[in-house]
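The residues making up each chain are set out below.
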Amino acid sequence: MSPNKYRPFPPIPIQNRQWPSRTLSAAPIWCSVDLRDGNQALAVPMNVSQKLEMFDSLVKCGFKEIEVGFPSASNTEFSFNRRLIEDNRIPDDVTIQCLVQAREHLIERTVESLMGAKSVIIHMYNSTSPAQRKHVFNMTKEQIIEVAIQGANWIKERIHRLEDTGTRVMLQYSPESFSATEVEFAKEVSEAVMDVWQPTVERKMILNLPDTVEVAGPNVYADQIEWICSHIRNREALLISLHTHNDRGTGTAATELGLLAGADRVEGTLFGNGERTGNLDIVQTAMNLYMHGIDPKLNFSDMNGLIGMYERCTGMTVPPRQPYAGELVFTAFSGSHQDAIKKGLANYEKTGGSWDVPYLTIDPHDIGRKYQEVIRVNSQSGKGGVAYLLESEFGIEMPKDMQREFGPIANDLVDALGREVTAAELKAMFWKEYIERTSPYSLHHFHADGVDGVFRCRSSLVISGKEVGVAGEGNGPIAAFVQALVQDAGAPAFEVSSYREQSLSSGTEASALAFIQIKLADGRVCWGAGTDTNIELASIKAVVSAINRATA
Ligand code: KIV
Ligand code: ZN
């Protein structure tokens, strides 16, 4: 690597910049460029039926402006426009946009492709940066301006053909590679196009200012946008549009700061598909507004459905850590995070109000995700995650103290497996540790009767392979059984120090679950659990489980 091969980006001549002290309070006008910029970046571009599926899906999300393609570039692109228009597939409140270079025959073909549409945006571009002027076109600034003026005129001459047949036409100009262009020159070429198109406040034109390649930080792009907004002639007749790419990984930041700098409109794609590192991820940008309580005017409540469509149509995948959309973005493996989420969710469910759950920027339910996906267990997880999964998946509500006992046991087992475990696997671990303990004591039979608060029990146990009959007395069946175990079965002296029971609502198993904590004479405490259709028997089994664990 040799850093001196590169040079710093020159600062924008801006004084008293305003954008750093502004905040966003409303959604911009969104324009999806999935079917054009996104599509042209695919190894295998979408066919007509894939484009149709994506178009319908974009409409469903609420996009009112959709760049549907580059109709002069290929027959597929042209036929797609015809299909959309002739099949009457475009809702009345949706405007389709088409990209075209400033070349006459391409403009002509683009206009032909749009005949019969209700509302269209014709989007013309030419490159303006010094590198493009010098290496690609070998043109002076004046020649570049001339290209833009000519293209603008060719469009102007043809608009009436659309308007005369009832099409509403809006015009858009992009000085392509704007962010690498001198701001003064970008203004000059844009104003030359405005001189031809003559936008007014009533009939605005869109001036799209692309970060075609992200060549500087997002603050620099914001400076460029603010500079244009405050220097361009007739600003009120313009809709300033942002179109960022993601070469430095800050496409979203550039757009957000560009909005603070005064822009009205944003172009981007679902999940940031697009050339190289991609276009702006509109899902992320819209959801960033949403998480601050701003209505994004786009609906991503079926995120999984959207991802499915996106992957089917583009052949791309959404990475697991993609903000808001990735499989893992609401998942916590770490024990302390799980614990905090669990408490935050419980409090939110109880009190409602504004969302304030640690580690979760939004409520996963809002985009169709389930809380089950939030807490997943691997060796990094602690008691909180284990308890949460057992409770949310199987309704097992372990007492807090017992969670402290079982958490490390489960953690060691998961660690030995060296992978993530499912809730069903955790339940199997719980069953093996507590419910299925039959050694040294295995309960065969239990019966207790009480008269005047005094209970007598008779029970048979198998101890080390031998059947033994035991009997005891106490102020309840459990106390009577404890006495029988200690007096007749040779169990060490112990007392019951905590008891809880619950019913298990679903599944094929026994419907009662009892948890018992015992305290031995040496001070040790140990938990046990038992299940049965009969709650009394469930608690007796829990005592057996606890003493088995204590004497194992
Ligand atoms: O990135 C870009 O500059 C573009 C333009 C054609 C708007 O996609
Ligand atoms: Zn682009």
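What you are looking at is a predicted structure, and each value in this text was computed from that prediction instead of being measured. (Residues numbered from 1 in each chain as written. Chains lettered and ligands numbered in written order. Predicted model: local features only at pLDDT ≥ 70, side-chain atom pairs only at ≥ 80, totals over all residues. Heavy atoms only, no water.)

Asker: Please explain the sheet that holds strand S2 (residues 65-69) as it appears in this structure.
Answerer: Across a sheet, paired strands are connected by hydrogen bonds in the backbone, their directions being either parallel or antiparallel. The sheet built from 8 strands closes into a barrel, its strands ordered S1-S2-S3-S4-S5-S6-S7-S8 with parallel pairing. Direction aside, neighbouring strands of the sheet carry axes that sit 25° apart on average. Each of strand S3 (95-101) and strand S4 (119-127) touches helix H4 (residues 104-114); the most contacted strand, S3, lies at about 165° to it. This element, helix H8 (residues 218-231), spans strand S6 (205-211) and strand S7 (238-244) of the sheet and lies at about 165° to S7. (Pairing = 2+ DSSP bridges. Helix = DSSP H or I, 4+ residues; strand = E, 2+ residues; numbered from the N terminus. Axes fitted to C-alpha atoms, helices over the stretch in contact; angles between N-to-C directions. Contact = heavy atoms within 4.5 Å.)

Asker: For this particular structure, what's the right way to read the domain arrangement of the chain?
Answerer: Accessible area lost upon the coming together of the parts serves often as the stated size of an interface. Domain parsing of the chain yields domain 1 (26-314), domain 2 (335-433) and domain 3 (441-551). Between the C-alpha centres of domain 1 and domain 3 there is a distance of 73 Å. (Domains from an automatic or database assignment.)

Asker: Is there a simple way to explain the site of ligand 1 in this structure?
Answerer: Residues in close proximity to ligand 1 include Arg-36, Asp-37, Leu-99, His-123, Ser-174, Glu-176, Asn-208, Pro-210, Thr-212, His-243 and His-245, which together make up its full environment. Here an oxygen atom of ligand 1 sits 3.1 Å away from a polar atom, N or O, in the side chain of Asp-37. A distance of 3.1 Å separates an oxygen atom of ligand 1 from a polar side-chain atom of His-243. Burial of ligand 1 by the protein amounts to 95% of the accessible area it has alone, namely 260 Å². Going through the elements one at a time, helix H1 (34-40), strand S5 (168-176) and S6 are the ones with two or more residues in the shell around ligand 1. Of the residues belonging to the shell around ligand 1, the class tally is 2 nonpolar, 6 polar and 3 charged. (Near = heavy atom within 4 Å. Polar contact = N/O pair within 3.5 Å; in protein donor to acceptor, adjacent residues only side chain to side chain. Areas by Shrake-Rupley, 256 points an atom, 1.4 Å probe, with all protein chains shown as cover. Nonpolar A, V, L, I, M, F, W, Y, C, P; charged D, E, K, R; others polar.)

Asker: Honestly, the pairing of S4 in this entry has me stumped. Any pointers?
Answerer: Along a regular strand, successive side chains alternate from one face of the sheet to the other. Counting buried positions along S4 yields 9 of 9 residues, so the element is predominantly enclosed. With burial as the criterion, each face of S4 is covered, one bearing Ser-119, Ile-121, His-123, Tyr-125 and Ser-127 and the other bearing Val-120, Ile-122, Met-124 and Asn-126. Running through H4, the crossover from S3 to the neighbouring parallel element S4 is right-handed. Bridge count for S4 against S5 is 9 bridges, and the pairing is parallel. (Buried < 20%, exposed > 50% of the residue type's maximum accessible area, 1.4 Å probe, protein only. Right-handed = clockwise from strand over helix to strand, strands pointing away.)

Asker: Hey, could you run me through the coordination of the zinc ion (ligand 2) in this one?
Answerer: Ideal donor angles around a metal are set by the shape: a four-donor tetrahedron calls for 109.5 degrees, a six-donor octahedron for 90 or 180 degrees. Around the zinc ion (ligand 2), the protein supplies Asp-37 (OD), His-243 (NE2) and His-245 (NE2) as donor atoms, at distances of 2.0 to 2.1 Å. Here the donor residues of the zinc ion (ligand 2) are spaced in sequence according to D-x205-H-x1-H. What makes His-243 buried here is its relative accessible area of 4%. Overall, the relative accessible area of 4% leaves His-245 in the buried class. (Donors = N, O, S within 2.8 Å, 3.2 Å for Na, K, Ca; no water.)

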